[in-house]
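# Working through the structure, step by step
Here's the letter readout for the chains.
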Amino acid sequence: MEGERAVLAHPQQVDFGQRLAGLAVVARVGDSTGRTGLRDRRDILRRRFSSWHPPIPQLIEATAAEGLIVTRIFDRRPPAHLRKGPVLLVGDAAHAMTPDLGQGACQAIEDGAVLAACAARRPNADPATLFEAFEQVRLRRVRRIVRDSYRIGRMATTPSRLAAGGRDVLTRLMPESISNWRLGMYASSEAFHRQLPD
């Protein structure tokens, strides 16, 4: 991975003319030491977010050092399998993903719902057969979401000014209908129901 990606979370409410419930930002922070002391966190965040619009720099300064949370993001390839014989992995154990689509917990919940649907359709199936059916239903969708989340994260946190400028122009020009259609591929009841076994 080129450069470290991290989540900046500000879980407190601060009043800067408006009430903010919190802040979470995924960004490349460029610190690969593996250690971030309290002072290091603020320095990393100051360097990374100093040119951002208000109230981002003010939030960093207003937050007590202990309240600054920098969590590293570790990328993993999309899974080739979700099961092996009578063993099934679900949620992050099966398909950990970057937070860029906000789908990690959603996909874990979908795993449970799809597993229940598969079990209802095959009440007498042995675990290996049930898990094979589950994998046939889920694998394609979770692979796509893991891959797309990674790609969106790379695009959102690119260090290239040229790529960032192109991304920003495309984002502004994209019709809302296309954005909603794309989002619906991940987070819609239709997308969920399409994958369920008949």
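All of these numbers come straight from a predicted model, not from anything done at the bench.

### Notes on the confidence of the model for the protein chain
Per-chain confidence: the protein chain averages 80 in pLDDT, with 80% of residues scoring 70 or above. Per-element confidence in the protein chain ranges from a low mean pLDDT of 42 for strand 3 (residues 19–20) to a high of 96 for strand 7 (residues 87–88). When the criterion is pLDDT under 50, residues 10–23 qualifies, and its contacts beyond four places in sequence or with other chains add up to 28 contacts.

### A short note on a nonpolar patch on the surface
Taken together, the side chains of M174, I178 and W181 define a hydrophobic patch exposed on the protein surface, amounting to about 330 Å² of accessible area. Along the chain, M174 turns up in the loop between helix 6 (161–173) and helix 7 (176–184).

### Brief notes about the layout of surface pockets
Taken as a whole, the largest pocket holds about 560 Å³ of empty space. What lines the largest pocket is a set of 18 residues, and nearest its centre among them are I152, M155, R167, T171 and M174. Looking at the lining of the largest pocket, the elements that each hand over two or more residues are helix 5 (127–156), helix 6 and helix 7. Considering every element that reaches the lining of the largest pocket, the biggest residue donor is helix 5, with six residues.

### Describing helix 5
The end-to-end C-alpha separation of helix 5 is 41 Å, in line with the 44 Å expected for 30 residues at 1.5 Å each. If you look at helix 5, its biggest bend is around 45°, right at R138. Two or three places before A128, at the start of helix 5, stands the capping residue D126, its side-chain oxygen 3.2 Å from that residue's backbone nitrogen.

### Examining unusual backbone geometry
Cis peptide bonds are those with omega within 30 degrees of zero, and the linkage from P54 to P55 qualifies with 10°. In this structure, P55 sits in the loop between helix 1 (38–49) and helix 2 (56–62).

Conventions used here
- Residues numbered from 1 in each chain as written.
- Predicted model: local features only at pLDDT ≥ 70, side-chain atom pairs only at ≥ 80, totals over all residues.
- Heavy atoms only, no water.
- pLDDT = per-residue confidence, 0-100.
- Helix = DSSP H or I, 4+ residues; strand = E, 2+ residues; numbered from the N terminus.
- Contact = heavy atoms within 4.5 Å.
- Patch = residues over 30% accessible without salt bridge, like charges linked within 9 Å, V, L, I, M, F, W, Y side chains within 5 Å.
- Areas by Shrake-Rupley, 256 points an atom, 1.4 Å probe, with all protein chains shown as cover.
- Salt bridge = Lys/Arg side-chain N within 4 Å of Asp/Glu carboxyl O.
- 1 Å grid on protein atoms, 1.4 Å probe; cavity = no way out; pocket = protein on both sides within 12 Å on 5 of 7 lines; lining within 4 Å.
- Points joined across faces, edges and corners; volume = space filled by probe spheres on them.
- Expected span 1.5 Å × (residues − 1).
- Bend = angle between axes of the 7 residues up to and from the residue.
- Polar contact = N/O pair within 3.5 Å; in protein donor to acceptor, adjacent residues only side chain to side chain.

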